[in-house]
Amino acid sequence: MPEATVNPIVQSTQMPDRAGKNKTIYDVSSFEIFWRNMVAGMGRAAGNILLYFIFIFILGYMFSLLVWPTLKPVVDGYTKLINSVESLQNVGKSNPLNTGNVEKLLESYGIGN
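Keep in mind that this is a model prediction, so the values were computed, not measured.

Calculation rules
Residues numbered from 1 in each chain as written. Predicted model: local features only at pLDDT ≥ 70, side-chain atom pairs only at ≥ 80, totals over all residues. Heavy atoms only, no water. Helix = DSSP H or I, 4+ residues; strand = E, 2+ residues; numbered from the N terminus. Buried < 20%, exposed > 50% of the residue type's maximum accessible area, 1.4 Å probe, protein only. Salt bridge = Lys/Arg side-chain N within 4 Å of Asp/Glu carboxyl O. Phe/Tyr/Trp six-rings, centres within 6.5 Å; stacked < 30°, edge-to-face > 60°. pLDDT = per-residue confidence, 0-100. Contact = heavy atoms within 4.5 Å.

## Notes on the overall build of the protein chain
For the protein chain, the helix and strand inventory stands at four helices and zero strands. Shown N-terminal to C-terminal, the secondary structure of the protein chain runs as helices and strands in the order α-α-α-α. Burial statistics for the protein chain: of 113 residues in total, 3% are counted as buried.

Put into C-alpha cells, the structure is as follows:
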C-alpha cells in the first residue's frame, strides 16, 4: 500500500501555537481575535502611510525638476504685479496732498530744494 501524503497547506495550518496546542477561531477569546486584527490593521496602515509619503516625495521632486522651471517666470510676474498693486494701495494712505504737505510731494518728484 502506498503511503499517505500530507498536504503542506493542511500541515501548516495545524502547526502548534505558542501554548503548544492547535487553536481554531472557536478556541480563542474574542479579545484575542480583536487584538490580532487590530495589530495587523495598524501595521497595514503604517505601511500605506509610508508608501504615500514616498509617492508624494517622488511627485514633488518630479514637479520641481520638470514643471517648476516653466512656471517660475509666470509666478514671478504675478508676484511683481501683486507687489505693485499693494504699493499703489499704500500711496493713498501716505499721499502728501492728504496731509497738506506739498513740499514732500515736490521732493518725491525731485523738484524741491
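## As for the pattern of salt bridges
Opposite charge on two side chains lets them pair, provided their charged atoms get close. Evaluation of the coordinates by the stated rule reveals two salt bridges. For Arg36, the salt bridge identified is with Glu32, shortest N-O distance 3.0 Å. Taken together, the residues Arg36 and Glu32, both in helix α2 (residues 30-91) and four residues apart, mark about one turn of the helix. Of the charged contacts in the structure, one is a salt bridge between Asp76 and Lys72, with a shortest N-O distance of 3.4 Å. Placement of both Asp76 and Lys72 in helix α2 is noted, with a separation of four residues, approximately one turn of the helix.

## Thoughts on the packing of aromatic side chains
We describe a pair of aromatic rings using the distance from one ring centre to the other and the angle between the two ring planes. Summed over the entire model, instances satisfying the criterion amount to one aromatic pair. With a centroid separation of 6.4 Å and an interplanar angle of 15°, the aromatic rings of Phe31 and Trp35 are classed as stacked. With Phe31 and Trp35 both in helix α2 and four residues apart, this pair spans about one turn of that helix. Since its relative accessible area comes to 49%, Trp35 is described here as partly exposed.

## Structural notes on the confidence of the model for the protein chain
Across the protein chain, the average pLDDT comes to 78, with 65% of residues at or above 70. Per-residue pLDDT, averaged within each element of the protein chain, yields its smallest value for helix α3 (residues 96-99) (53) and its largest for α2 (90).

## Re the environment of Ile33
Position of Ile33 relative to the elements: it lies in helix α2. Once residues lying within four places of it in the same chain are set aside, the contact partners of Ile33 are Ile25 and Val28.

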